Amino acid sequence: MSSLYGYAGKILYVDLDSRRIRKEPLGEELVRNYIGSIGINSKLAYDLIAPGIDPLSPENYLIFGTGPLGGTVAPGCSRSDVTSKSPLTNLFGSANSGDSIALMLKFAGYDHLVISGRAETPVYLKVNDDDVEICDASYLWGKDVWETTDILWAELGGDYWVNCIGTAGENLVRYAASVTNKHSFYSRTGMGTVMGSKNLKAIAARGSKGVAVADQKAFLKIVDEIVEKIKNSPATQLWRDLGFVVAFPAYSEYGLFERYNYAEGFSDLVKDFSKEDYKGHVVKRNYACPSCPVGCRQVVEIKDGTYPGLNYRVAALGSQVGYHNQAGVENWDELVRCVELENRYGIDSNSLAGCVGFAIELYKRGIITKHDTDGMELDWGGETTQGLIEKIVRREGIGDILANGVKAAAAKFGPEAERLAGHIKGLEMALGVRGRLSTENFGEFTNPRGGHLERSPSLTFIPRKPKAFPPFSRGIGVPEDRIEKVCDGPEGFNVSRLTKWVEDYNTVLVSMGVCHRTPITQHLNLKIITELYRATTGIDIETTELRQAGERIWNLQRAFNQREGADRKDDMPPWRALNESITIGDKDYPPITEKKANKLLDEYYDERGWNIKDGTISKEKLDELGLTHIASDLG
Ligand code: SF4
């Protein structure tokens, strides 16, 4: 690149078969078209990963990346992504995390790290600025995440950041996570599993290089304005006090939470998971990701109760309420014990809770019996959940089946089980989709990763006055000639059409390295982000060009899936959501029905300019995004 402002300027390639290490400059075209982090990761994944390969074979690639704002003092900009072909969904896989190894890799001089092949014996990758080494890790194999991290810190020094897998990744549980410094998770779609398949136990990195900013004066002016707004916002204090728990009442009231394997709605979550217990009994204090004035992460420290002595850091304790929702875990004490196990073993909480809840329901319905569970009685709550976690991470007995995810387990247990499987594209869902529809839960249908909400957060999460939506839509880049259709409907928006624009906008933010949580995003819009990007990189770019980059990245992820054979059928919600109604408080929500789901998807594809019949990307859209060259890949 001619200018290195905002970027470290290099991609580090490590091939574990040949043990060859090479560094290549970050191309200007990559930056202009794909921004950074998940954007450039997606482009590299599309180009490098051949369609049809087994995600656990040496032919798969594992790609870490951070964005141009990562490592600067821009608030909430330490997020990064790891991308691969997912062993859980067999489609595009990616996981996002704050305060994680890709950020330290940038300080060492690398915007992206691309790992290929498979080591013959366990290894770890050591990066110390320009020195990159593949080291023996056989003595670490068998250790959990906390033990591995402590050993590497003791050997290398605490100024190294350590990202590693635990028991789940080693045993190729298909939704294993990789974890940085014991507390920052790349959780979803099995990125830790791909690490395990490569015999890569850990990455330890130490970087001493800063990030140069092109126009310091302009950059600091924008940063100061955002920081001032963050400091004075009521949302900041709420998130500091309660983290994700702040969203519990709305999530349950509007039906985004469902319980007992997505069988029921509920509105009484705060009774057993009170904010008073959260603050007084569970969470000792908060901490922040680098460069973030919010500080919404938690230090858990339990002094009494069922599990005295629990003590660890966690990024979003409230989001792990999935253990309650899907598996019936009863209270904070049981939940934080599940989270401790998840942290030690390195595994994704959403998929884990989904698999456990699924098994319990099958047992209660008699679809599986003690014969399938090695004599274990399955019931809702902490005891069964913790028992099944131990079996899953070691692939023991029924754990060996559940370790492959709900979709694969359902195929094994037969058609009745398949109707109860709560997943989209093979990824266990984070939110229910029968209650009030917002871009958050409709986005689970269309996310290339499968049933997860993170790519489509917006103002729609709680009801607002309809007049709020035109200015919001303009702010995220919806063109004037689309506003009327996007902001149409009794609540002030058309959920399918708005989701398209929210996804593209959030893809820009994620590619920059921006945190998706409300205390950060509520102070941003496409204009501010464009100005920040210009000041950081010196690249003269318009809002429309950045918005189109977000759309290009989204389409390339869709193309990755289309190349693997995915189409409209893979965007449909699960059988249960299409066929069973749900009651939340005193309100009944009917099933979505196939007819309604199809209508929603028709509108979404229309807004995206895709082929409505099958949801494939149209030739015209590929041409518009400069992706004509991939048309022949897509048939
Ligand atoms: S808002 Fe919370 S999760 Fe996001 S960057 Fe700040 S501390 Fe980290």
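In this text, all values refer to a predicted model and were calculated from it rather than measured experimentally.

What counts, and at which threshold
Residues numbered from 1 in each chain as written. Predicted model: local features only at pLDDT ≥ 70, side-chain atom pairs only at ≥ 80, totals over all residues. Helix = DSSP H or I, 4+ residues; strand = E, 2+ residues; numbered from the N terminus. Buried ≥ 20, exposed ≤ 12 C-beta atoms within 10 Å, placed from the backbone. Near = placed C-beta within 6 Å. Nonpolar A, V, L, I, M, F, W, Y, C, P; charged D, E, K, R; others polar. Pairing = 2+ DSSP bridges. Axes fitted to C-alpha atoms, helices over the stretch in contact; angles between N-to-C directions. Contact = placed C-beta atoms within 7 Å. Domains from an automatic or database assignment.

Draft legend 1. Inspection of the overall build of the protein at higher detail. Assigned secondary structure in the protein consists of 28 helices and 19 strands. Judged by the C-alpha coordinates and their principal axes, the protein covers about 65 × 60 × 55 Å. Expressed as a percentage of the 635 residues in the protein, the buried residues total 58%.

Draft legend 2. Quick peek at the site of the ligand. Residues in contact with the ligand amount to 13 residues; listed here are only the nearest, Cys 289, Cys 292, Val 294, Cys 296 and Cys 515. Its residues assigned to classes, the shell around the ligand comprises 8 nonpolar, 3 polar and 2 charged.

Draft legend 3. Structural view of the sheet that holds strand β14 (residues 297–301). The strand order across the open sheet formed by 3 strands is β13-β14-β15, and the pairing between neighbours is antiparallel. For this open sheet the edge positions go to β13 (283–287) and β15 (311–314), each flanked by a neighbour on one side alone. With strand direction ignored, the average angle separating the axes of adjacent strands in the sheet is 20°. In this sheet, β14 lies alongside β13 in antiparallel orientation, the contact comprising 4 bridges. Each residue of the ladder has a partner; that of Val 283, found in β14, is Val 300.

Draft legend 4. Structural detail: the environment of Phe 92. You can see Phe 92 is positioned in strand β5 (residues 92–97). Separated by 46 residues in sequence, Phe 92 and Tyr 46 have C-alpha atoms that sit 9.0 Å apart. When sequence neighbours within four positions are dropped, the list of residues in contact with Phe 92 reads Ser 86, Pro 448, Arg 449, Gln 557, Phe 560 and Asn 561.

Draft legend 5. Just the domain arrangement of the protein, in detail. With domains assigned, the protein is organised as domain 1 (10–206), domain 2 (246–421) and domain 3 (439–522 + 542–634). Of note, the centres of domain 1 and domain 3, computed from C-alpha atoms alone, are 28 Å apart. Contact with domain 1, which involves 34 residues of that partner, is made by 25 residues of domain 3. Element by element, the count of residues in the side of domain 1 that touches domain 3 is highest for helix α2 (residues 37–48), at 7 residues. Here the residues of the side of domain 1 that touches domain 3 are counted per class, giving 12 nonpolar, 18 polar and 4 charged.

Draft legend 6. A look at the sheet that holds strand β1 (residues 10–15). Here we have 6 strands laid out as an open sheet, ordered β2-β1-β6-β3-β4-β5, and mixed in their pairing. The open sheet has two edge strands with one neighbour each: β2 (20–25) and β5. Averaged over neighbouring strand pairs, the angle between their axes works out to 15° when direction is ignored. In this sheet, strand β4 (residues 80–85) lies alongside strand β3 (residues 62–66) in antiparallel orientation, the contact comprising 4 bridges. Note that in β4 the partner of Phe 64 across the bridge is Val 82. Helix-sheet contacts for α2 involve β3, β4, β5 and β6 (112–116), and the interaxial angle to β4 is about 20°.

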